[in-house]
Amino acid sequence: MLQPVGKVLIIGGVVMIVAGLLFLFGDKIPFLGKLPGDIMFRRKGVTIYVPIVTSIILSIILTIILNLFRK
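For the structure given in this document, a descriptive report is provided here. In this text the structure is predicted, and so the values were computed from the model without any measurement.

1. As for the pairing of strand S1 (residues 39-43)
- Judged from the five bridges that link them, S1 and strand S2 (residues 46-50) form a sheet pairing that is antiparallel. Among the inter-strand pairings, Arg43 is bridged to a residue of S2, identified as Val46.

2. A word on the side chain of Thr54
- Checked against the element boundaries, Thr54 lands in helix H2 (residues 52-70).
- Given the relative accessible area of 6%, Thr54 is considered buried.
- Separated by 2.7 Å, the side chains of Thr54 and Asp38 make a polar contact.

Reading the values: the criteria
Residues numbered from 1 in each chain as written. Predicted model: local features only at pLDDT ≥ 70, side-chain atom pairs only at ≥ 80, totals over all residues. Heavy atoms only, no water. Pairing = 2+ DSSP bridges. Helix = DSSP H or I, 4+ residues; strand = E, 2+ residues; numbered from the N terminus. Buried < 20%, exposed > 50% of the residue type's maximum accessible area, 1.4 Å probe, protein only. Polar contact = N/O pair within 3.5 Å; in protein donor to acceptor, adjacent residues only side chain to side chain.

By themselves, these observations are geometric and do not establish any function.
Quick look at the structure:
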């Protein structure tokens, strides 16, 4: 009965580790956040950044990886 809870905790931990690694090394990946379609507004003292295409690509990659683990 506790096996599904254990699997969820392990997968959650792996996701958190991957997210932490992306935060640590994300600026060293050359294309991440600078793709065509990522929107940046700069005004006096304010910068708004919306990484639309980067989010879509990361979502596709994570979906593929998680589907591989599910099977």
